[in-house]
Amino acid sequence: MNAKKKIFVLGLASALLVLSETVIAWHKNHSGHAMLPGTHFILGFFGAALLLALAKLLSHNFLSRPEDYYDE
Amino acid sequence: MNNLHPALPLFAAALLALVLPHRLRQLVQLTAPFAAFLCVRAMTESPHGLGLQSMVLGFPIRWVHIDALGLIFVYALIVFTWLGNLYALHSKSRLTAFAAAAYAGSSVGAVLAGDFLSLFFFWELMAVFSAILIWNPARSRSLGALLRYAAVHLIGGLFFFSAVIFIQLQGGASLSELAEDSPARWMLLAAFLVNAAIPPFHAWLPDAYPEGTPEGSVFLSGYTTKVAVYAFARCFAGSDILIGLGATAAVYGVVYALMENDMRKLLAYHIICQVGYMLCGIGLGTEQGINAASAHAVGNILFKGLLFMATGAILHRCGTAKLSDLGGLGKQMRLLLGLYLAGALAISGMPGLNGYISKGMLLQALAQQHETLIEWVLLAAAAGTFFSIGLKLAYFAFWGTASEKKKAPGTEPVPVNMYAAMILTTALCAAAGLFPDFFYGLLPFPVDFDAFQINSILGSLQLLAGTGVTFAVAGKLLKVKPELNLDIDWFYRKGAGWILTRVCRPLGEFHMQVQSRWTAMIEEMNGVLDPVRFWKAFNPMEFPLLFFTAGFLLVTVIFLAGR
C-alpha cells in the first residue's frame with residue numbers, strides 16, 4: 001500500500017466514524033454534556049498536531065543537544 | 001499467618017535471592033508474590049490482623065491499615081511483582097533479584113502503612129532498593145544517574161522527615177487527617193511530588209529509568225510513582241492544586257516524549273504524563289475522581305510495565321534502545337510487535353483495553369465537576385500519547401527508515417519467559433478492558449460508569465483516527481535524530497558547574513583580594529586580630545552553602561511570620 005492509499009483509507013475510516021456518530025446518536029457523550037459529532041476527531045487531529053509542533057519548536061530552538069553533551 | 005506483614009515474604013525472598021542457586025531462586029521469585037497475596041487475604045479476613053503495632057524509640061508505630069483504597073494498590077503491586085519476576089526469570093543477576101523483591105516489599109509496606117512513621121520507613125527503603133536497580137554494568141552512565149537519583153530522593157526524604165517530625169511534635173495525625181494549614185502539609189506535598197515525578201520535581205525519572213538493565217527498568221516503572229499516587233489519594237484527596245499540577249504534568253510529559261529518541265526515555269516521560277492524569281482525579285476529590293485515579297494507576301502499572309517489557313526485549317535483542325538505530329523489527333518479531341501494540345493501544349485508550357475504561361472514568365469525573373478545560377487538555381494529551389507511543393515509536397522500531405548500515409543487527413534471542421510475562425500482562429489489560437465489572441468491584445468506591453456507550457466508543461476511535469491523520473501528514477517533522485533534549489536536570493548536571501566557575505570562583509577571587517587588603521589594613525592598624533582570624537578561616541567555597549542556608553532561613557522566617 002502506498003502512502004496516498006494509506007491516507008485515503010485513514011480518511012475514509014475517519015469520515016465513517018464521524019458520520020456514524022452523527023447518525024446513531026449525538027444527544028450526549030459519556031461525560032454528560034452534548035458535543036458536536038466529530039469533536040473528538042478534531043481534538044485528536046489538532047491536539048496531536050499542536051503538541052508535535054510545540055515539541056519540535058522547543059527541541060529545535062532551545063533544548064536539543066548532542067548525545068554526549070553531559071559526558072564532557 | 002494472619003499477623004504476618006505481607007511485605008515480609010517479599011523481603012525474605014530478597015534475602016534468599018542473595019544466597020540460593022539460580023534454579024531455587026527462580027522458584028522463590030515465582031512463589032513469594034503468592035505468599036504476600038495470601039498474607040493480605042488473611043489480614044483482610046481476620047480482625048486481629050489489622051492491628052499490627054509496635055513501639056520504636058518510644059513511638060507507637062502502626063504498620064498496617066487496610067481499606068479498599070490500599071487494597072487495590074497492594075493487589076496491583078503484588079500481581080506486577082509476579083509478572084516482573086517472570087520477565088526477569090532468566091536473569092543470572094542476584095543483585096537484580098534481591099533489589100526487585102526488596103523494592104516490591106517496601107512498596108507493599110508503604111501502601112499498607114497505618115501512620116506517617118511507617119509510611120516514611122518504607123518510603124525510604126523504596127528509594128534505597130530502587131537505586132540498586134538503576135545500576136547497569138553495561139552502561140557507564142548509569143552510575144551517575146544512580147547518584148543523582150539518590151541525591152534527589154534524599155532531598156525528598158528530608159522533606160518527608162521534617163513533616164513526620166512536625167506531625168509527631170503536634171501529637172501525631174492519621175494519614176487522612178492532616179490539618180489544612182499545617183506546614184507539615186506543604187513539606188509532605190513536596191516529598192510526594194518528588195516521588196510522583198511531577199514537574200518541576202520530575203527530572204530524576206527520565207534521567208534514571210532508561211539506564212537500568214531491561215529487567216531493572218521494568219521494575220522501576222511500576223512502583224515509586226504509583227505508591228506516590230496512592231499517598232496523594234490518601235493524604236491530599238480534593239486538593240485543588242493537584243488538578244493544575246496534574247494537567248501540566250500530562251502536557252509536559254507528552255511534549256518531551258514527542259521529542260525523544262531513546263525508547264525507554266520516551267516511555268519514562270509518559271509515566272509523568274499518566275501520573276498527571278491520576279493527580280487530576282485525586283485533585284477532584286470526588287468518589288468518582290478517586291476511583292478513576294486508582295483505576296488508572298492500576299492500569300498504568302500493567303500497560304506501562306508491558307511497554308517497558310517490550311522495549312526491554314528489543315534492547316535485549318539489539319543492544320540499543322535508540323529509535324534512530326532501529327528499524328524493521330516487525331518482520332523479525334511479529335509476536336513482540338503485537339504485544340507492544342496492545343500496550344500502546346491500552347495506554348492510548350483503545351476500547352477493549354483497560355486504558356479506555358480508566359480514562360473514560362476520569363473524563364466523566366471531570367465533566368461532573370465541570371472541569372471542561374482540563375478535560376480537553378487531557379484529551380489532547382491522550383492524542384499525543386497515541387502519537388508518540390502507538391505511532392512514532394512503533395513505526396521507527398518495527399518498520400522504520402534507519403539506513404541498513406546504521407541499523408542494529410538484532411541477533412540475541414528473546415527468552416521465552418519474557419514473552420510469557422508480556423502475554424499474561426496483555427491478557428490482564430484485555431480482561432480489565434473487556435469485562436470491567438470485576439475490576440469495578442476492587443475500586444475503593446461504588447462505580448457509577450457505563451463504559452461501553454456507543455458515543456464514548458466512537459469518540460475514542462475518532463480521537464485515535466484524528467491522531468493517525470496527523471501522523472500521516474506530519475512528514476519531515478517525524479524524523480528522529482540521535483540527540484538529547486535538556487530538561488530540569490540540566491540545572492544540577494551543568495548549571496551547578498556553571499555557577500561554580502562563573503559565580504563562585506570570581507566571588508572567591510574577589511573575596512581573596514578583599515581579604516588580603518583587609519589583612520594588610522588591619523595589620524597596619526595593629527588592631528585586635530580576632531576578626532582577622534575569623535575572616536581567614538572562612539572558605540570562599542562555602543558561598544553556595546551560605547546562599548542556601550540564608551535562603552532557607554529567609555523562607556522559614558517569612559513562613560513563620562505569615563502564620
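Residues numbered from 1 in each chain as written. Chains lettered and ligands numbered in written order. Predicted model: local features only at pLDDT ≥ 70, side-chain atom pairs only at ≥ 80, totals over all residues. Heavy atoms only, no water.

**Comments concerning the overall build of chain A**
This is how it is decided: Only DSSP runs of H or I reaching four residues or more are called helices, and only runs of E reaching two or more are called strands; each is numbered from the N terminus. Three exposure classes are used, based on accessible area relative to the maximum for each residue type with a 1.4 Å probe and protein chains only: buried under 20%, partly exposed in between, and exposed over 50%. The protein chains shown are the only cover counted for residues, whose accessible areas, like all others here, come from Shrake-Rupley with a 1.4 Å probe.
For chain A, the count of helices and strands is two helices and one strand. Traced from its N-terminal end to its C-terminal end, chain A shows the element sequence α-α-β. Here chain A holds 72 residues, and 32% of them are scored as buried. Total accessible area computed for chain A in this model is approximately 4,700 Å², and 72% of it derives from carbon and sulfur atoms.

**A word on the pattern of salt bridges**
Inclusion rule: What counts as a salt bridge is simple: a side-chain nitrogen of Lys or Arg found within 4 Å of a carboxyl oxygen of Asp or Glu.
Under the definition given, this model contains eight salt bridges over all chains. For the salt bridge of Glu67(A) with Lys322(B), the shortest nitrogen-to-oxygen distance reads 3.4 Å. Pair noted here: Glu67(A) is in the segment after β1 (64–66) and Lys322(B) is in the loop between α13 (287–318) and α14 (329–332), and the two residues belong to different chains. Where Asp207(B) meets Arg148(B), a salt bridge forms, and the shortest distance between an N and an O atom there is 2.6 Å. Remark: Arg148(B) occurs in helix α6 (residues 142–169) and Asp207(B) occurs in helix α8 (residues 204–208); sequence separation between them is 59 residues. You can call Asp207(B) buried: its relative accessible area is 7%.

**Considering the nonpolar core**
To keep things clear, this is the line we draw: What we call a nonpolar core is a set of buried Ala, Val, Leu, Ile, Met, Phe, Trp, Tyr and Cys residues that are connected through their side-chain atoms within 4.5 Å. By convention here, the domain bounds are inherited from an automatic or database domain assignment. We call two residues in contact when some of their heavy atoms are within 4.5 Å.
Formed by 199 residues in total, the largest nonpolar core has its most connected members in Phe160(B), Phe192(B), Tyr209(B), Phe232(B) and Met422(B). A per-element tally of this core places α13(B) first, with 18 residues. Viewed by domain, this core spans two of them, domain 1 (1–135) and domain 2 (196–211 + 221–487) of chain B, each represented by three or more residues. If sequence neighbours within four positions are ignored, Met422(B) has contacts with Tyr87(B), Leu306(B), Met309(B), Ala310(B), Ala313(B), Leu336(B) and Leu339(B). Ranked by size, the runner-up nonpolar core spans five residues in total, among them Phe41(A), Leu458(B), Ala465(B) and Val469(B).

**Description of the interface of chain A and chain B**
Spelled out, the test is: Defined here as a combined quantity, buried area equals the accessible surface (1.4 Å probe) lost by two parts on assembly, summed across both. Side-chain atoms alone can form a polar contact between residues adjacent in sequence; in general such a contact is a pair of N or O atoms within 3.5 Å, and within protein one must be able to donate a hydrogen while the other accepts it. Any residue that is not Ala, Val, Leu, Ile, Met, Phe, Trp, Tyr, Cys, Pro, Asp, Glu, Lys or Arg is counted as polar, Gly included; the first ten are nonpolar and the last four charged. Should DSSP find at least two bridges between two strands, the strands are regarded as paired.
The interface is formed by 44 residues belonging to chain A together with 50 residues belonging to chain B. Across the chain A/chain B interface, buried area totals approximately 4,200 Å², and carbon plus sulfur atoms make up 68% of it. Our count for the contact surface shared by chain A and chain B stands at two salt bridges. Between Asp71(A) and Arg141(B) there is a salt bridge, with the nearest N and O atoms lying 2.7 Å from each other. At the junction of chain A with chain B, the criterion picks out 13 residue pairs in polar contact (both at pLDDT 80 or more). Listing elements by their share of the side of chain A that touches chain B, those giving two or more residues are α1 (3–24), α2 (39–63) and β1 of chain A. Looking at which element gives the most residues to the side of chain A that touches chain B, the answer is α2(A), with 18 residues. A class-by-class count of the residues in the side of chain A that touches chain B yields 23 nonpolar, 13 polar and eight charged. The pairing of β1(A) with strand β3 (residues 483–485) of chain B spans three bridges and is antiparallel. Bridged to Ser64(A) within β3(B) is Asn485(B).

**Remarks on the domain arrangement of chain B**
The domain architecture assigned to chain B consists of domain 1 (1–135), domain 2 (196–211 + 221–487) and domain 3 (495–562). The C-alpha-based centres of domain 2 of chain B and domain 3 of chain B are spaced at 49 Å.

**What about the pairing of strand β1 (residues 53–56) of chain B?**
Residue and element names in this part refer to chain B. Strand direction decides the pairing type here: β1 and strand β2 (residues 59–62), joined by four bridges, are antiparallel. Along β2, the bridge assignment pairs Val56 with Phe59. Adjacent in sequence and paired antiparallel, β1 and β2 are bridged by two residues, among which Leu57 carries a positive phi angle near 50 degrees.

**With respect to the confidence of the model for chain B**
This is how it is decided: Along the chain, pLDDT gives the predictor's confidence residue by residue, from 0 to 100.
Confidence along chain B averages 89 in pLDDT terms, with 93% of residues attaining 70 or more. Scored as a whole, the predicted complex attains pTM 0.89, and scored at its interfaces, ipTM 0.89.

**A few points about helix α12 (residues 263–284) of chain B**
Residue and element names in this part refer to chain B. Put simply, the rule is: The span you would expect from a helix comes to 1.5 Å times its residue count less one.
Between its first and last C-alpha atoms α12 spans 33 Å; for 22 residues at 1.5 Å apiece the expected length is 32 Å, and the two agree. Most of α12 sits out of view: 21 of its 22 residues are buried. Near the N-terminus of α12, the side chain that reaches the backbone nitrogen of Arg264, with its oxygen 2.9 Å away, is that of Asp262. At the exit of α12 stands Gly285, carrying a positive phi of roughly 80 degrees.

**Regarding the packing of helix α7 (residues 183–196) of chain B against helix α10 (residues 224–235) of chain B**
Residues and elements named next belong to chain B. Cut-off, in case you're wondering: Simply put, an axis is a line fit to the C-alpha atoms, just over the touching stretch for a helix, and the angle between two N-to-C directions goes from 0 to 180 degrees. Angle categories: roughly parallel below 35 degrees, roughly antiparallel above 145, roughly perpendicular from 65 to 115, and oblique for all the rest. It is the rotation of the near helix from the far one that decides the hand of a crossing: anticlockwise by less than a right angle makes it left-handed, clockwise makes it right-handed.
Look at α7 against α10: their axes get within 8 Å of each other, and the N-to-C directions meet at 150 degrees. By the criterion of interaxial angle, the relationship of α7 to α10 is roughly antiparallel. You can see that α7 and α10 cross each other, and the crossing is left-handed. Together, Arg185, Leu189, Phe192, Leu193, Asn195 and Ala196 of α7 and Thr224, Thr225, Ala228, Ala231, Phe232 and Cys235 of α10 make up the contact between the two elements. Of the residues in the contact of α7 with α10, the class split is eight nonpolar, three polar and one charged.

**So, the environment of Glu412(B)**
Residue and element names in this part refer to chain B. Considering the arrangement of structural elements, one finds Glu412 in the loop between α17 (372–399) and α18 (416–434). Relative accessible area serves as the criterion here: at 41%, Glu412 is assigned to the partly exposed category. For Glu412 and Ala313, which are 99 residues apart along the polypeptide, the C-alpha to C-alpha distance reads 9.7 Å. What Glu412 contacts, discounting residues up to four positions off in sequence, is His316 and Arg317.

**Observations concerning a nonpolar patch on the surface**
Here is the rule: A patch consists of residues exposed above 30% relative accessible area that lack any salt bridge, with like charges linked at up to 9 Å and nonpolar side chains (Val, Leu, Ile, Met, Phe, Trp, Tyr) linked at up to 5 Å.
Where nonpolar side chains cluster on the molecular surface, the patch consists of Phe8(A), Val9(A), Leu12(A), Leu16(A), Leu19(A), Val23(A), Ile24(A) and Ile454(B) and spans about 800 Å² of accessible area. By residue number, the principal contributor to the nonpolar patch is α1(A), which donates seven residues. With respect to the element layout, Ile454(B) can be found in helix α20 (residues 454–474).

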